[in-house]
Amino acid sequence: MKLIIAVVQDKDSNRLSEALVKANYRATKLASTGGFLKAGNTTFLIGTEDEHVEEVMSIIKDNCKSRDQLVAPISPMGGNADSYVPYPVEVQVGGATVFVLPVEQFEQY
Amino acid sequence: MKLIIAVVQDKDSNRLSEALVKANYRATKLASTGGFLKAGNTTFLIGTEDEHVEEVMSIIKDNCKSRDQLVAPISPMGGNADSYVPYPVEVQVGGATVFVLPVEQFEQY
Amino acid sequence: MKLIIAVVQDKDSNRLSEALVKANYRATKLASTGGFLKAGNTTFLIGTEDEHVEEVMSIIKDNCKSRDQLVAPISPMGGNADSYVPYPVEVQVGGATVFVLPVEQFEQY
Ligand code: NI
Ligand code: NI
Ligand code: NI
């Protein structure tokens, strides 16, 4: 038995939840902030047997991995047109920090 | 030393807190959602020496275990009397998912 | 690799965050309540290599350790002047409860 603690960006949180449910894994979500990742984030607790750890890790990677995203330019309100970039820019979104912890005892009551 | 992580239903959370305090155990509570249990839930972190783990597990079981509860019928507002069941029904409430983790170092400052 | 879980008082939380960032450590913060400490508290998750554990523990201790603080007397509103103490009193603030957990696998995606 392992406890997987995954810190993911809020924007990937719902997608990850749905993917885990679909694959029949259960997760508890904790609201969290800052630190491992720049934006608001969610901490998932996922308990699973040893032989399913790699599958859960794949699901996390597939749904949360860091990637570049094109962001449409925002036209400047009022002044400051100097810093205006009139074409889409790439920003990095997503990313997950994942810890796999050993579990000595697991019970469901 | 062990760290016990217990995910319990919100409705059992206060009762569990009180039972732990009464038995002289200290817990930290984290608001959590979804996953292991269907309804809103609370995640307890309880640090304790190895020889007290079984007592803490008993307290969690006694206060949170899954059980059937009779729910009084709610009389239908307006229409839809078709689906009205005029006697109490049993629903399952409670339940706890508990992980016991090994602790390598424990400090209080 | 270790996962350090530290429960600290809310009033020390920002100071600890800043000290960790300055020393180049990343932490995730979870809002938590009650238990290990009397007042509102924050739970930090800090992942770090084995050789940095003692440095992180020192940073937590330096920024959160339990200490006495002089609190100015509050003049009684209306009656109850009997219990009024006209000089500053010492109260204990701060404190941290810290668990160091072994990590079997650590990934960043
Ligand atoms: Ni299986
Ligand atoms: Ni004892
Ligand atoms: Ni290093």
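Check the entry above for the structure.
Below: a short report on this structure. Note that the coordinates shown come from a computational prediction; the quantities given were computed from them, not determined experimentally. (Residues numbered from 1 in each chain as written. Chains lettered and ligands numbered in written order. Predicted model: local features only at pLDDT ≥ 70, side-chain atom pairs only at ≥ 80, totals over all residues. Heavy atoms only, no water.)

Quick look at the interface of chain A and chain B now. Every contact between the two is made by 20 residues of chain A and, on the other side, 27 residues of chain B. Interface area for chain A against chain B, summed over the two sides, is near 1900 Å², with a carbon-plus-sulfur share of 62%. Looking only at chain A, the three residues that lose the most surface to chain B are Glu104, Gln105 and Tyr109 of chain A, adding up to 37% of its buried area. Salt-bridge contacts for lysine 2 of chain B lead to glutamate 104 of chain A; the nearest nitrogen and oxygen are separated by 3.3 Å. When residues of the side of chain A that touches chain B are traced back to their parent elements, those giving at least two are strand S2 (27-33), strand S3 (41-48), strand S6 (96-102) and strand S7 (105-108) of chain A. (Contact = heavy atoms within 4.5 Å. Buried area = accessible area lost by both parts, 1.4 Å probe. Salt bridge = Lys/Arg side-chain N within 4 Å of Asp/Glu carboxyl O. Helix = DSSP H or I, 4+ residues; strand = E, 2+ residues; numbered from the N terminus.)

Between chain A and chain B, which share one sequence, the superposing operator has a rotation angle of 120° and an axial displacement of 0.0 Å; the RMSD is 0.1 Å. Considering both components of the superposition, the chain copies are consistent with a three-fold axis. By residue overlap, the copies meet through two different surfaces: only 20% of the interface positions of chain A are interface positions in chain B. (Least-squares fit on C-alpha atoms with pLDDT ≥ 70 in both.)

Attention shifts here to the interface of chain B and chain C. With 20 residues of chain B at the contact, the number on the chain C side is 27 residues. Both sides of the chain B and chain C interface together cover about 1900 Å² of buried area, and 62% of this is carbon and sulfur. If you sort the residues of chain B by the area they bury against chain C, Glu104, Gln105 and Tyr109 of chain B come out on top, with a joint share of 37%. Remark: the boundary between chain B and chain C carries one salt bridge. Counting across the interface, chain B meets chain C through six residue pairs in polar contact (both at pLDDT 80 or more). Taken together, the elements giving at least two residues each to the side of chain B that touches chain C come down to strand S2 (27-33), strand S3 (41-48), strand S6 (96-102) and strand S7 (105-108) of chain B. In terms of residues, the side of chain B that touches chain C owes the most to one element, S2 of chain B, which gives five residues. (Polar contact = N/O pair within 3.5 Å; in protein donor to acceptor, adjacent residues only side chain to side chain.)

This part covers the packing of helix H1 (residues 10-22) of chain A against helix H2 (residues 53-64) of chain A. Residue and element names in this part refer to chain A. It is the contact of H1 with H2, at a shortest axis distance of 9 Å, that shows an interaxial angle of 145°. Every pair of crossing elements has a handedness; the one defined by H1 and H2 is right-handed. From H1, Asp12, Arg15, Leu16, Ala19 and Leu20 reach across to H2, where they touch Val56, Ile59, Ile60, Asn63 and Cys64. (Axes fitted to C-alpha atoms, helices over the stretch in contact; angles between N-to-C directions. Left-handed = near helix turned anticlockwise from the far one by under 90°.)

Before going further, it helps to examine the relation of the copies chain B and chain C. Superposition of chain B onto chain C requires a rotation of 120° combined with a translation of 0.0 Å along the rotation axis, giving an RMSD of 0.1 Å. The two copies present different faces, since only 20% of the interface residues in chain B are matched by interface residues at the equivalent positions in chain C.

It is worth stressing that arrangement in space is one thing and function is another; only the former is reported here.
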